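# Remarks on the overall topology
Each chain, letter by letter, is given below.
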Amino acid sequence: MKKIFVLFATFGLSFGADQVILKKPSASLGKYYPPQSNRFEYVSVMHEMSTAFYGVRLNINRRTYP
């Protein structure tokens, strides 16, 4: 059953791939990256958030069910 689902998902993604339109990021994001900022603020915030989400996942996985 899982193989069938993966097969259909793969075909669905391949048929919709031509409809994806990539746009340039907003110019306002430039203030978070060099040369305007040398601190990589956006990247550091994303790293902090990923650490927090990983902790939540660990806590959920460690929970024992009766």
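Above this text you will find the structure in question.
This structure is a prediction, so every number in the text was calculated from the model and none was measured.

### Some points on the overall build of the protein
- Check the secondary structure of the protein and you find two helices and zero strands.
- Scored against the burial criterion, the 66 residues of the protein give a buried share of 2%.
- When the accessible area of the protein is evaluated, it comes to approximately 6,800 Å², of which 66% is carbon and sulfur surface.

### Side note on the environment of Thr-51
- Topologically, Thr-51 is positioned in helix α2 (residues 41-62).
- Thr-51 gets classed as partly exposed once you look at its relative accessible area, which sits at 46%.
- Of note is the side chain of Thr-51, whose polar atom sits 2.9 Å from the backbone oxygen of His-47.

### Let's talk about a nonpolar patch on the surface
- A contiguous nonpolar surface patch, about 530 Å² in accessible area, is contributed by Leu-29, Tyr-42, Val-45, Met-46, Met-49 and Phe-53.
- Looking at where Met-49 falls in the secondary structure, it is placed in helix α2.

Cut-off values and rules
Residues numbered from 1 in each chain as written. Predicted model: local features only at pLDDT ≥ 70, side-chain atom pairs only at ≥ 80, totals over all residues. Heavy atoms only, no water. Helix = DSSP H or I, 4+ residues; strand = E, 2+ residues; numbered from the N terminus. Buried < 20%, exposed > 50% of the residue type's maximum accessible area, 1.4 Å probe, protein only. Areas by Shrake-Rupley, 256 points an atom, 1.4 Å probe, with all protein chains shown as cover. Polar contact = N/O pair within 3.5 Å; in protein donor to acceptor, adjacent residues only side chain to side chain. Patch = residues over 30% accessible without salt bridge, like charges linked within 9 Å, V, L, I, M, F, W, Y side chains within 5 Å. Salt bridge = Lys/Arg side-chain N within 4 Å of Asp/Glu carboxyl O.

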